[in-house]
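Residue strings, one per chain:
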Amino acid sequence: MEFNTKMINGANALVEATILMKDIESKVDKIAAEAAKTLTIQGFRKGKVPIKVVKKRYKDKLKQDAEGEVLKDLLQKAYKELNISAERLIGEPFFKKIDRNDSEIKLEIALGVRPEVELSDYEESIPKYEKPDVKEEEVDARIKKIASRYAEFKKIEKARPLAEGDTAVIDFEGFLDGEPFEGGKAEKFSLTIGSEQFIPGFEEQLVGMNEGEEKMIKVTFPKDYRSKNLAGKEAEFKIKLHEVQERIEAEINDELAQKIMQKEDATLDELKENVKTQIKNEKLSKKYQEDLKPKLMETLLKRFDFDLPEQIVEQEIDIQLSNKAKSMKEEELKELQGNKEKIKKMREELRGSATESVKATFIVDMLAKKEKISVEDKEVVQAIYYEAMMQGQNPQKVIEQYQKQGYLPAIKMAMIEDKLFTKMLKLYE
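The model shown is predicted, which means the values in this text are computed figures rather than measured ones.

*Asks:* If you had to explain the environment of His242 to someone new, which residues and values would you point to?
*Replies:* Locating His242 in the fold gives a position in strand S9 (residues 234-248). Spatially, the C-alpha atoms of His242 and Glu214 are 9.2 Å apart, while their sequence positions differ by 28 residues. In this view, His242 contacts Val169, Ile170, Asp171, Lys188 and Glu211; residues no more than four positions away in its chain are not counted.

*Asks:* Describe the sheet that holds strand S1 (residues 2-9), with residues and values.
*Replies:* Sheet strands associate in pairs through backbone hydrogen bonding, adopting either a parallel or an antiparallel arrangement. On the basis of which strands lie adjacent, the open sheet formed by 4 strands has the order S1-S2-S4-S3 and antiparallel pairing. The sheet is open, and its two borders are formed by S1 and strand S3 (94-100), each paired with just one other strand. Ignoring which end each strand starts from, the neighbouring axes of this sheet average 10 degrees apart. Against the sheet, helix H1 (residues 21-36) makes contact with strand S2 (12-20), S3 and strand S4 (104-112), and its axis sits at roughly 80 degrees relative to S2, the strand it touches most.

*Asks:* Can you explain the nonpolar core? Please cite residues and give values.
*Replies:* If you look at soluble globular proteins, the nonpolar side chains tend to sit buried side by side. Counting residues in hydrophobic clusters, the biggest one holds 43 residues, and the most contacted among them are Leu367 and Phe421. Top element by residues in this core is helix H9 (residues 340-370). It accounts for 11 residues. Of all hydrophobic cores here, the second largest spans 28 residues; its members include Ala17, Ala32, Ile41 and Ala78.

*Asks:* Give me the pattern of salt bridges: which residues, what numbers.
*Replies:* By the definition in use, this model includes 34 salt bridges. For Glu104, the salt bridge goes to Lys106, with nearest N and O atoms at 3.8 Å. Judged by relative accessible area, Lys106 falls into the partly exposed class, the value being 35%. A salt bridge links Glu379 to Lys419, with the nearest nitrogen and oxygen atoms 3.6 Å apart. In this pair, Glu379 sits in helix H10 (residues 377-390) while Lys419 sits in helix H12 (residues 408-425), placing the two residues 40 residues apart along the sequence. Judged by relative accessible area, which is 27%, Glu379 ranks as partly exposed. For Lys419, a relative accessible area of 35% puts it in the partly exposed group. Counted as one network, the salt bridges with shared partners bring together Glu314, Asp318, Arg347, Glu348 and Arg351.

Rules and cut-offs
Residues numbered from 1 in each chain as written. Predicted model: local features only at pLDDT ≥ 70, side-chain atom pairs only at ≥ 80, totals over all residues. Heavy atoms only, no water. Helix = DSSP H or I, 4+ residues; strand = E, 2+ residues; numbered from the N terminus. Contact = heavy atoms within 4.5 Å. Pairing = 2+ DSSP bridges. Axes fitted to C-alpha atoms, helices over the stretch in contact; angles between N-to-C directions. Core = buried A, V, L, I, M, F, W, Y, C linked by side-chain atoms within 4.5 Å. Buried < 20%, exposed > 50% of the residue type's maximum accessible area, 1.4 Å probe, protein only. Salt bridge = Lys/Arg side-chain N within 4 Å of Asp/Glu carboxyl O.

Shown next as structure tokens:
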């Protein structure tokens with residue numbers, strides 16, 4: 001076996017090798033000899049199977065294993081000659097060339113190497129900013145909004161027509177072409193006028209009704225209504241108003257603070273302080289996402305210049321191309337299929353953003369190690385679980401879907417980035 005190695009730059013190496021078939025045959029003999037000691041084949045005692053029988057019966061498997069071991073030996077020698085540790089290798093070896101004939105195999109293997117970068121004075125990249133102020137009016141408005149959730153509805157004491165914001169206790173029955181339809185009937189149903197709980201035009205027609213009054217109203221179901229038999233059709237509803245309930249706003253005091261904070265000795269001042277902190281953090285988060293984060297990343301990308309593993313950049317181009325294809329129309333996809341020149345052009349158009357993305361990932365990874373920032377796998381799962389719950393999705397199904405699609409490493413890296421940048425910016429200190 002002959003080979004030459006070359007470091008192309010700080011992140012890429014090339015191995016050129018010639019593997020002789022006689023070396024592979026020699027390796028086949030060794031593997032077959034070891035296998036013969038343990039194999040059980042009918043007609044032979046265990047451990048007494050002739051090597052030639054093993055080689056004949058398992059010819060293809062032995063050759064595959066032998067080539068794998070010879071290649072493994074080659075790569076280990078190449079790593080040693082290149083002085084590359086296992087920790088610095090990134091991605092799988094990429095075979096740029098495989099020429100095979102009866103006597104030898106010629107190979108060109110590209111290796112990706114984790115770049116080593118001197119991260120000196122990176123603190124200078126951190127943008128200066130002022131923490132946002134929170135005005136008293138903002139706190140009062142937020143508490144008023146929270147308090148509205150604790151409002152109660154009580155039957156009106158003095159008779160009056162139903163108005164916007166009231167809750168109507170009604171019976172209703174829907175008719176399509178004069179016939180009742182399934183799911184269109186309820187009794188003593190509480191409906192807050194203006195909540196848009198029902199289809200457009202329904203609630204508005206109840207305004208002005210009095211307790212005990214009955215009324216027929218006409219509505220048209222939206223064209224995209226979930227029940228196809230009703231979508232886009234005009235229907236009639238028979239309504240009977242039993243009771244009008246008016247909204248009684250909750251009084252903003254210590255008692256309300258105790259309900260909101262679920263703390264027996266909570267005070268309104270304490271609630272205001274908590275709300276003020278919450279609003280401040282929301283403003284900081286918005287400023288971070290829209291301004292500080294992109295500005296910090298842009299500065300870091302400009303500050304540090306280093307070589308990138310070519311195959312990692314190519315993989316990122318693959319991902320971005322795949323994402324772009326998902327948003328393409330069917331005609332565009334058909335036009336793209338088999339059009340090598342167009343695909344090549346698209347790949348080159350994506351190379352800039354892919355290169356920047358890979359570079360950003362390396363910078364974040366190196367800075368996170370320096371700052372001792374990490375994210376455990378369980379933290380990633382917890383974040384996905386919480387997000388799914390907030391969106392009314394099945395958390396377990398979302399996690400399984402992300403695992404299947406290979407999204408978890410990217411989510412983890414995004415969490416590390418936010419944790420790192422938040423620390424660098426001293427955002428919540």
